[in-house]
Amino acid sequence: MTTPAAPPRTSATGTPHTRREGRAKVTGEARYTGDIPFAELAHGWLVTSTVARGRIRSVDTDTVLAMPGVLAVLHPGNALRLTPGAGLMGPDANLQLLQDDRVPHVGWPVALVVAETQEQARAGADALVITYDEEPYDTAFRADHPGLRPTAPSPLAMPDVDQGDPDAELAASAVVVDREYTTPEEFHNAMEPHAAMARWENGRLEVVDSNQGSYAVAQVLAALFSLDADTVRVRSEHVGGGFGSKGLRLPHTVLAVMATTILHRPVRVVLTRRQMFSLVGHRPATAQRVRLGADADGRLRVVEHETASPTSTVHEFAEQSTRHSRTLYAADAFRLRTRVVPLDVPTPGFMRAPGWAPGSFAVESAMDELAAEVGVDPIALRLRNEPETGPVSGLPFSSRNLVACLEEGARRFGWADRDPRPGVRRDGRWLLGTGVAAAAHSAGVGASTAAITAEADGTYTVRVTAADIGTGARTALGQIAADALEVSPESVRIRIADSDFGLAWLAGGSMGTASWAWAINEAAVALRKKLADLPGDMADLPPEGVTAHADTTELLAAREQRESHGYGAQFAEVAVDPASGEVRVRRMLGIFAVGRVVNPLTARNQFIGGMTWGLSMALHEEGVRDDASGGLANGDLAGYHVAANADVPLIEADWIDEHDTYNPSGIKGLGEIGIVGGAAAVANAVWHATGVRHRHLPISLERVLSGGRR
Amino acid sequence: MTSTRSTEISLRVNGETHSLTVDNRTTLLDALRERLDLTGTKKGCDQGQCGACTVLLDRQRVNSCLQLAVAAEGRDVTTIEGLADGEELHPVQQAFVDLDGYQCGYCTPGQICSAVAVIEELAREWPSAATDDVRRPPAVSEEEIRERMSGNLCRCGAYVNIVRAVTQAAKNEQVNA
Ligand code: FES
Ligand code: FES
């Protein structure tokens, strides 16, 4: 076993680089999945259920098959049989499409109409008559639902925690804050609708897909269709946003593969915007109870955090909101619970900072309430509860710079002058306030492989199954490889998003760049050794060049356990119009500590993008479930408001230097931490402006006017 | 051939005239993408709610998913592919690259087409909801640009840089005008 490669002395990393694909993206040349033409391409259009629970009684295919251009109607009666048990992270029955007549929720795929053109496929889908045997359903989530139960054990589940003596600590506390917070269903809504094209070419299944990890998707498809893994090739060169939605659930991909296998011609399936509200996972609603017990000076004795969220009857997904309370503050006792309520709703999934985003809203709001109760500044309260080691894990931190983030943020935001009293500042009709919240996100690494070729012409080619979903991964990996090879970024070609390049972690969990960089650094070390051992010099390379591979699986397994997170501090200033209920965020500032920042230009953009999500979560986003139909009342971009340009004020993000080589590349990941704590900072600012505490998101006009009621 | 289902039309796109027979249901967006292989114009919602499909129709911005191709007959369509002058990017395109006015890039063609039209709207002194005094020319300010660019959603949340890029391009335009 070798020891990990030391991080290289940097020159390309740490300096701003515009994106490698920038020109292609501003000229329209960049082809996303649905943009790539194929000869003989047929178009698939998904038909989804209109009832919330029941069985399909009949599918009237004859009429539709007689329509112009229609090639096939796939439905449970004629679909290919899929192998059970496939899934990205354990078996996921959501992938078992058209396998039986059960309807588990509104918006479940019940048929695919394939036709020569999009218009014909869509007309066929619209015309397809399906009848159902409907059954009574339940789509109404509440924390006291009789179906509430603990989560099933899974590698993703955060175990319940009972540490110390919570009851005794509560009894001994001078101050107790005991509150309930709720967050609504939220939807990723990547701007690029999920799309896939599949075809059989020379005995291989070739898939062009919009996803966050082509290797993982290839593995899932191979398992589902019982193919050799080598038979499947998945590529996703340009991806129009993912945020956790493009990887786990693949209805379009699975059905495109099924259709091409039956029809023997290329088939493209693109989800409609409305279908994206039921088929690609979403953040489930949460109901959270937080109980903080503290001494008179604010030192925490006990942290209790219980979170409940709805899941489907198809597959269990629990929102792990207690991730935040596990790592932020020290306390003598902890009681942490995760619960789910299975309902007749679509299966939730990972959405940007899963667990962290809603969990931080509850915990960071409760900390603000505690600060007010104790009469201490909210930043001072957080500093007072800074842990030495992981509060629940007991593990040493790989590094932790929350304090530095809070202090630097306070300085830059002008926190010192803040009058703590709520509801006393006015600017004309507006009430003004400021708020703060802490942020954290796990800094994980996943096993990855990479290959680098020293080409005969003196350039280098890096191959890694990374995905660039907008993060700037291509550019950052170019900088990393350039430094590892000690060459200029211009001489490095970066090839990504092709499952043939082998195992690699997804663009997810804020782990992508960290995982790929480690593999690239290892490959660079191996390549330089190979080149050094060559007789002659670089000019004598064979025509195919010299290639070195790396695989971090073993290095990763050999790491000692550490508690490793990025941390941050979020600040917001808001103006609230008590007459209309309107809340305007005037400015936000985020200061983060996330290890090494590879490309300041794209990193800042990522942080600000995350903070924009925090603002959007605080004020706008809310899926409204209509209990009369079991579906969403607002499942489109007109009804489901995401922050638009005019909603977003000056948002600034910056970071502090942090050196942490727990991941040898020094990278902690920064795709998600920007949203964590954002909604709490805004809600805390609204309290400071108005004196009214908002414990239910979003802080809509109605809620402001009704004084924060649920 | 023209029938009750399809119509023969000619479309003038980026200065070039194309003759084609389209299904009458075909939107301008789908005609551009599926028939002319101009896939720079994106489909984000197909129902007029996101702005990803923004193109210029006789120099004014429209959501091409809400236009039928047959109705664009005889009008001038400019798409993202038609903005650069050969190798030289349009100033708005260049500003997006330099100031990182995007992440995934999927909303970007729509943002850029919209921005080109916004700059022209400002030059023509059209007011917006953000204009304080509608009797005076609107200022080239971030506030005006935020307001005018709000029909183009960016889920990556790149608005801060989009506004910087458009403001910079608009100010340069003002100087050069
Ligand atoms: S695709 Fe036309 S507005 Fe969304
Ligand atoms: S850059 Fe991704 S949606 Fe705007």
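Predicted, not measured: the structure shown is a model, and the values here were computed from it.

Trainee: Before we go on, may I ask you to explain the sheet that holds strand E10 (residues 195–201) of chain A in this structure?
Mentor: Strands in a sheet are paired, the pairing made by backbone hydrogen bonds, and the direction either parallel or antiparallel. Residue and element names in this part refer to chain A. As summarised here, the arrangement of the 7 strands in space is E3-E5-E1-E13-E10-E11-E12, forming an open sheet in which the pairing is mixed. Because the sheet does not close on itself, it has two edges, and the strands there are strand E3 (70–74) and strand E12 (232–235). The sheet shows a mean angle of 20 degrees between the axes of neighbouring strands, taken without regard to direction. Both E10 and strand E13 (residues 267–270) contribute to a ladder of 4 bridges, which runs antiparallel. Its bridge partner lying in E13, Ala196 is registered against Val269. Its contacts with the sheet put helix H3 (residues 118–127) on strand E1 (42–48), E3 and strand E5 (109–115), and the angle it makes with E1 is roughly 25 degrees.

Trainee: I keep staring at empty space enclosed by the protein and nothing clicks. Help me out?
Mentor: Using a probe with the size of a water molecule, rolled over the atoms, empty space left in the structure can be pinpointed. Under the defined criterion, the tally for this structure stands at 4 cavities of 30 Å³ or more. Considering the residues around the largest cavity, the lining is formed by Asn94(A), Leu97(A), His105(A), Trp108(A), Pro109(A), Arg249(A), Pro251(A), Ser278(A), Leu279(A), Gly281(A), Pro346(A) and Thr347(A).

Trainee: Where do I start with the interface of chain B and chain A in this structure?
Mentor: Note: interface size is frequently given as the accessible area lost on complex formation between the parts. Facing the 53 residues of chain B at the interface are 62 residues of chain A. Summed over both partners, the interface of chain B with chain A buries about 4400 Å², with 51% contributed by carbon and sulfur atoms. Counting the surface chain B buries against chain A, the share from its top three residues, Gln103(B), Arg155(B) and Tyr159(B), is 19%. Where chain B touches chain A, the interface holds 8 salt bridges. In this structure, Glu87(B) and Arg23(A) form a salt bridge, with 3.9 Å as the shortest nitrogen-oxygen distance. Listing elements by their share of the side of chain B that touches chain A, those giving two or more residues are helix H1 (28–35), helix H2 (91–99), helix H3 (108–123), helix H4 (142–148) and helix H5 (159–176) of chain B. Along the lines of polarity and charge, the residues of the side of chain B that touches chain A split into 20 nonpolar, 14 polar and 19 charged.

Trainee: Is there a simple way to think about unusual backbone geometry in this case?
Mentor: Outside of glycine, negative phi angles account for most residues, and trans bonds account for most peptide bonds. Residue and element names in this part refer to chain A. Omega for the peptide link from Leu697 to Pro698 comes to -5 degrees, which places this bond in the cis form. Take Pro698: it is sitting in the loop between helix H16 (678–690) and helix H17 (701–705). Located in the positive-phi region is Ser226, a residue other than glycine, with phi close to 50 degrees. With respect to the helices and strands, the residue Ser226 is situated in the loop between helix H5 (214–224) and E12.

Trainee: Would you explain the sheet that holds strand E4 (residues 102–103) of chain A in this entry?
Mentor: All names here are of chain A. With antiparallel pairing, the 3 strands of this open sheet are ordered in space as E4-E2-E6. The sheet terminates laterally at E4 and strand E6 (129–134), the two strands that pair on one side only. Direction of pairing for strand E2 (residues 54–60) relative to E6: antiparallel, over a ladder of 6 bridges. Residue pairing in the sheet places Gly54 in a bridge with Glu134 of E6.

Trainee: So what exactly am I meant to see when it comes to the layout of surface pockets here?
Mentor: Of the volumes computed, that of the second largest pocket is approximately 990 Å³. What lines the second largest pocket is a set of 45 residues, among which Trp45(A), Thr272(A), Arg273(A), Arg274(A) and Gln275(A) lie closest to the centre. Among the elements of the structure, E1, H3, E13 and helix H7 (276–279) of chain A together with H1 of chain B are those that each provide at least two residues to the lining of the second largest pocket. Take the lining of the second largest pocket: its biggest share by element is 6 residues, from E1(A). Within the lining of the second largest pocket, the residues separate by chemical class into 16 nonpolar, 16 polar and 13 charged.

Scoring rules and cut-offs
Residues numbered from 1 in each chain as written. Chains lettered and ligands numbered in written order. Predicted model: local features only at pLDDT ≥ 70, side-chain atom pairs only at ≥ 80, totals over all residues. Heavy atoms only, no water. Pairing = 2+ DSSP bridges. Helix = DSSP H or I, 4+ residues; strand = E, 2+ residues; numbered from the N terminus. Axes fitted to C-alpha atoms, helices over the stretch in contact; angles between N-to-C directions. Contact = heavy atoms within 4.5 Å. 1 Å grid on protein atoms, 1.4 Å probe; cavity = no way out; pocket = protein on both sides within 12 Å on 5 of 7 lines; lining within 4 Å. Points joined across faces, edges and corners; volume = space filled by probe spheres on them. Buried area = accessible area lost by both parts, 1.4 Å probe. Salt bridge = Lys/Arg side-chain N within 4 Å of Asp/Glu carboxyl O. Nonpolar A, V, L, I, M, F, W, Y, C, P; charged D, E, K, R; others polar.

No statement about biological role is implied by the geometric values presented.
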